[in-house]
Amino acid sequence: MEKFGKTVVRQKIPILIIALLLLIPSVIGYINTRTNYDILTYLPKDIETMKGQDILAKDFGTGAFSMVVVEGMKDKEITEMVDKMKEVPHVTRILWEGALGTGMPEQLIPEKYRSQLSNGEAKLIMVIYDTTLSADETMKAIEELREVMNEKCFLSGMSAIVVDTKNLSDKEVPVYVLIAVVLCMLVLTITMDSFLIPIFFMISIGFAVIYNLGSNVVGGEISYVTKALAAVLQLAVTMDYSIFLWHSYSEKKQNCDDKNAAMAEAINETLISVIGSSVTTVAGFVALMFMSFTLGFDLGIVMAKGVVIGVICCVTILPSMILCFEGAIRRTSHRPLLPDLSGVSGWIVKHFYIFLILAAIVIYPAYHGQAHNKVYYNLDSSLPEDLPSIVANSKLLENFEMNSTHIVMLDSSLERKAVKSFADEVAEVDGVKQVISLDSLVGSAVPDEMIPDKLKETFDDGEYKLMFILSEYKVATDEVNRQCAEINKILDKYDSKGMLIGEAPCTQDLITITDHDFSTVNTVSILLVGLIILFVFRSLSLPVILVSVIEVAIFVNMGIPYYMGTTLPFIASIVIGTIQLGSTVDYAILMTNKYKNARIAGLEKAAAATEALKGSINSIIVSALSFFAATFGVGIYSKIDMISSLCVLMARGAVISMFTVILLLPAVLRLFDGLIVHTSMGFGKRRKAAFVPNQIQRG
């Protein structure tokens, strides 16, 4: 390990040159990494709804459609606009009350069908694409359709929501990074002893972020949630490593005139410390990879990789920059503006019973709150109400009492009589506004030979018949879930292999799958972090004690929304707990390690707890403030509620974990000292030498 530090110091210039050169392929990789804006594509591929989507895309050459609400336009104007819409690449069919565009004489279209697509001056147009819901081609087609349409037209549907999510996210992500950097710089200026060193921290972490994002090209794509959070979260969880290196280097320089030798020692010390610190953070992200809903795998692997890259950059690029700009850094030195808070340690430990009582009072309402949080699964609920697609959805509801559309796939060999009976039964299900099928368009009396081939191909590929069900119920509601269940019962009666697909059935699967993922991720993260603590302290009791302390903080954090009446995005309830545990359990590990050293040195439990708190309080505060700064501003700024909620929860979680560790952990260590000593290796040893208080350090 000693050779590593010396090698970095000796090769500082080549390291910086290589670091700069690596930015080139990283930027190219970032540019060529596709961003997936459709959350539903992360559902398991083997469930029926996803299989149905694949069949729809493969057999019918589609998978996406949009509903366009037109207000106050004459039929002639609509016809001219529809002709232009047909010319947009990947638009394969357009159906509306005035002209089907399929060769069917208008007078043969059943009145029931026509009336459902017209309501006074409002008309409804269905646009069918030959590409899938979130394909790049579909999104481009929607952008071109919007250019063709005027202000009286409102294009709704999941694909339109994906487009608006993309546009809003792409606009906001650079601002996220800017806000996080500015607020982190503010915290570092207050807590560090140089005005320039925070800039080098940011440059080093910036290199790591770019490398991480660029390496995602190997997987081909990442989700927009991961893309939005990756830089901010990587900054938040890896900032400690840079601070540790700087503090270690400053300490070594006091005992060594040779800056190169001091830095070599600091690198070696930092590497040992941050490897131990980063393992729990990586474990938290690895736990996300166990989700069936593979958005967790997407976020988990990107962030776990980011932490590892952050460690590497911290012990190579950052020390190289510090040595090269040593003079400038020292010329901008100043006394830290953050006061030394170690003086309160004695009072906190002396009144430990207060914090034990407070924890006992808080734990049940916190647990109850986090267990009963309201969550939403409807993806458009996370977006601003003034987005074009959200406005269009409101128009669809206002004019046609429609909120969602399902697709039924029936066996193509099913007789027309059976298909009609099925459609008639489905039409009677509560909340079903209209059933659009081949028969509903042409009428059951029209012979097959009179039906245009173009129209047949839209609804029948020879293996499956398609049927669109227009529903007045909103996606992810109990009403639409009951509706889908009722339709499936009818479907089983007519065609046991038939499938009900669409946004509502997919979201219903999402609810079931993510409920299971919640318990899986929590269990895996607790086990992984517990095993790491077991290995670090060689203790049977400390894994339970330290994880329990952080779990109290998690319960409080996740319980607050319940009492505030806040509805959370479904993903928040799954990922926040494991991220908070993995990222902030280091606070508890740092204090416990100092407690162990104090006990080994001969101090009794109260004195040991006081010294442990003295030696770690400033480090914990700086770490938590850095995490808070990197995430809180983004949470306040973002208009995408899924991103905003995640960042606010992470920011608040860091602060709550900080207070929990500072106030509760010393009391818990003191209370369970006997259990810890008898179930942990090393705590029973006593050194004869007098105890020397630990210097405050990062870790």
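Everything that follows concerns the structure shown earlier in this document.
The sections below set out a description of the structure shown in this document. (Residues numbered from 1 in each chain as written. Predicted model: local features only at pLDDT ≥ 70, side-chain atom pairs only at ≥ 80, totals over all residues. Heavy atoms only, no water.)

**Here we look at a nonpolar patch on the surface**
In step 1: A cluster of nonpolar side chains, Trp347, Tyr353, Ile354, Ile357, Leu358, Ile361 and Val362, forms an exposed patch at the surface whose accessible area comes to about 670 Å².
In step 2: When residues of the nonpolar patch are assigned to their parent elements, the largest contribution, six residues, is made by helix H15 (residues 352-371).
In step 3: By secondary structure assignment, the location of Tyr353 is in helix H15.
In step 4: Relative accessible area serves as the criterion here: at 43%, Tyr353 is assigned to the partly exposed category. (Patch = residues over 30% accessible without salt bridge, like charges linked within 9 Å, V, L, I, M, F, W, Y side chains within 5 Å. Areas by Shrake-Rupley, 256 points an atom, 1.4 Å probe, with all protein chains shown as cover. Salt bridge = Lys/Arg side-chain N within 4 Å of Asp/Glu carboxyl O. Helix = DSSP H or I, 4+ residues; strand = E, 2+ residues; numbered from the N terminus. Buried < 20%, exposed > 50% of the residue type's maximum accessible area, 1.4 Å probe, protein only.)

**Here we look at helix H7 (residues 158-191)**
In step 1: Its 34 residues give H7 an end-to-end C-alpha distance of 47 Å, which sits within 8% of 50 Å, the value for a rise of 1.5 Å per residue.
In step 2: Residue Glu172 marks the point of greatest curvature in H7, where the axis turns by about 30 degrees; the proline Pro174 follows within four residues. (Expected span 1.5 Å × (residues − 1). Bend = angle between axes of the 7 residues up to and from the residue.)

**Focus: the nonpolar core**
In step 1: Counting 187 residues, the largest nonpolar core has Ile125, Phe293, Phe570 and Leu646 as its most contacted members.
In step 2: Excluding residues that lie within four positions of it along the chain, Ile125 makes contacts with Ser66, Met67, Val68, Val70, Ile78, Met81, Val82, Ile94, Leu95 and Trp96. (Core = buried A, V, L, I, M, F, W, Y, C linked by side-chain atoms within 4.5 Å. Contact = heavy atoms within 4.5 Å.)

**Concerning helix H2 (residues 12-31)**
In step 1: With 20 residues, H2 extends 29 Å between its outermost C-alpha atoms, agreeing within 8% with the 28 Å of an ideal straight helix rising 1.5 Å per residue.
In step 2: Among the residues of H2, those classed as buried are Ile15, Leu16, Ala19, Leu23, Ser26 and Gly29.
In step 3: Check the buried side of H2 and you find it contacts helix H1 (2-10), helix H8 (197-215) and helix H12 (317-324).

**Focus on empty space enclosed by the protein**
In step 1: Under the definition given, this model contains seven cavities of 30 Å³ or more.
In step 2: By volume, the largest cavity is sized at about 70 Å³.
In step 3: Surrounding the largest cavity, Ala236, Val237, Asp240, Tyr241, Ser277, Thr281, Ser583, Asp586, Tyr587, Ser623 and Phe627 form its lining.
In step 4: Only helix H9 (224-254), helix H10 (259-288), helix H23 (570-600) and helix H24 (605-637) provide two or more residues apiece to the lining of the largest cavity.
In step 5: With four residues, the top contributor of residues to the lining of the largest cavity is H9.
In step 6: Here the lining of the largest cavity is composed, by residue class, of five nonpolar, four polar and two charged.
In step 7: A volume near 60 Å³ is recorded for the second largest cavity.
In step 8: Together, Tyr37, Ile39, Met158, Ile161, Val162, Thr165, Tyr224, Leu379, Ser382 and Leu383 line the second largest cavity.
In step 9: The element that contributes the greatest number of residues to the lining of the second largest cavity is H7, accounting for four residues. (1 Å grid on protein atoms, 1.4 Å probe; cavity = no way out; pocket = protein on both sides within 12 Å on 5 of 7 lines; lining within 4 Å. Points joined across faces, edges and corners; volume = space filled by probe spheres on them. Nonpolar A, V, L, I, M, F, W, Y, C, P; charged D, E, K, R; others polar.)

**Points about the pairing of strand E5 (residues 122-129)**
In step 1: With eight of eight residues buried, E5 is to be regarded as a mostly interior element.
In step 2: Along E5, one buried face is formed by Ala122, Leu124, Met126 and Ile128 and the opposite face, lined by Lys123, Ile125, Val127 and Tyr129, is buried too.
In step 3: Where strand E2 (residues 65-71) meets E5, seven bridges bridge the pair, whose relative direction is antiparallel. Looking across to E5, one finds that Val68 is bridged to Ile125.
In step 4: In this structure, strand E3 (residues 91-96) lies alongside E5, joined through five bridges in antiparallel fashion. Pairing of Val91 across the sheet is with Tyr129, part of E5.
In step 5: Of the strand pairs in this sheet, strand E4 (residues 118-119) and E5 are connected by two bridges, and their pairing is antiparallel. (Pairing = 2+ DSSP bridges.)

**A few points about the pattern of salt bridges**
In step 1: All chains considered together, the criterion is met by 15 salt bridges.
In step 2: Of the charged contacts in the structure, one is a salt bridge between Arg34 and Asp136, with a shortest N-O distance of 3.1 Å. In this pair, Arg34 is assigned in strand E1 (residues 34-36) and Asp136 in helix H6 (residues 136-148), connecting sequence segments 102 residues apart.
In step 3: On the accessibility criterion, Arg34 (25% relative accessible area) is partly exposed.

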